[in-house]
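The chain contents come next:
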Amino acid sequence: FKSFREQATLSMIAADSLPASEMVTAKNVFSAQPDLDLLRVSAIYGANASGKSNFIQALMTFAHSIVQSADSSFSYSGVPFELDEQSGNEPTVLE
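This text gives an overview of the structure that appears in the document.

Definitions and limits used
- Residues numbered from 1 in each chain as written.
- Predicted model: local features only at pLDDT ≥ 70, side-chain atom pairs only at ≥ 80, totals over all residues.
- Heavy atoms only, no water.
- Helix = DSSP H or I, 4+ residues; strand = E, 2+ residues; numbered from the N terminus.
- Contact = heavy atoms within 4.5 Å.
- Areas by Shrake-Rupley, 256 points an atom, 1.4 Å probe, with all protein chains shown as cover.
- Salt bridge = Lys/Arg side-chain N within 4 Å of Asp/Glu carboxyl O.
- Buried < 20%, exposed > 50% of the residue type's maximum accessible area, 1.4 Å probe, protein only.
- Pairing = 2+ DSSP bridges.
- Patch = residues over 30% accessible without salt bridge, like charges linked within 9 Å, V, L, I, M, F, W, Y side chains within 5 Å.

## Here we look at the overall build of the protein
1) Next: In terms of regular secondary structure, the protein is built from 3 helices and 2 strands.
2) Next: Secondary structure elements of the protein occur, N-terminal to C-terminal, as α-β-β-α-α.
3) Next: Of all intrachain contacts in the protein linking residues separated by at least 6 positions in sequence, the fraction that spans at least 24 positions is 52%.
4) Next: Carbon and sulfur atoms provide 54% of the accessible area of the protein, an area that totals close to 7,700 Å².

## A word on the pattern of salt bridges
Should the charged atoms of two oppositely charged side chains come close, the side chains can pair.
1) Next: Evaluation of the coordinates by the stated rule reveals 2 salt bridges.
2) Next: Among the ionic pairs, R5 bridges to D84, the shortest N-O distance being 2.4 Å. One end of the pair, R5, is in the segment before α1 (22-28); the other, D84, is in the loop between α2 (52-68) and α3 (85-88), and 79 residues separate them in sequence.
3) Next: By relative accessible area, which is 25% here, D84 ends up partly exposed.
4) Next: Because the salt bridges share partners, they merge into one network encompassing R5, E6 and D84.

## Regarding unusual backbone geometry
1) Next: Unlike most non-glycine residues, K2 shows phi in positive territory, near 50°.
2) Next: Positionally, K2 belongs in the segment before α1.
3) Next: A relative accessible area of 27% means that K2 is categorised as partly exposed.
4) Next: Even without glycine at this site, A49 takes up a positive phi of about 65°.

## Points about the pairing of strand β2 (residues 36-39)
1) Next: Strand direction decides the pairing type here: strand β1 (residues 29-33) and β2, joined by 4 bridges, are antiparallel. Within β2, the residue paired with S31 across the bridge is D37.
2) Next: Hairpin remark: β1 followed by β2, antiparallel, with 2 residues in the connecting loop.

## Observations concerning a nonpolar patch on the surface
1) Next: On the surface, a nonpolar cluster with roughly 420 Å² of combined accessible area is contributed by L10, I44, I56, L59 and M60.
2) Next: In this structure, L59 sits in helix α2.
3) Next: Look at L59 and you get partly exposed, because its relative accessible area is 39%.

## Brief notes about the environment of Q57
1) Next: Tracing the sequence through the fold places Q57 in helix α2.
2) Next: Between the C-alpha atom of Q57 and that of K2, which follows or precedes it by 55 residues, the distance is 9.1 Å.
3) Next: Dropping the residues within four chain positions of it, Q57 is found in contact with F1 and K2.

Structure representation (structure tokens):
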């Protein structure tokens, strides 16, 4: 998708290490299952032109595809990785 040729993952699983304050954990982490703690919020940061906006666009495209998938006339029109000739012809996978 756009500038992403390889798989990229945004994990919302909380790290095992405890932060300095119990209050930080209580407000920012919740238990989805007994052994699975998830973050309520995350940040995406990096240098200019590092793909932050393209990552958000991929998430928005994925969400839109899910919502529109029940419509029989829906057609995915994603933008593949186009920085080399081979990848531009390969399918885009969002999951």
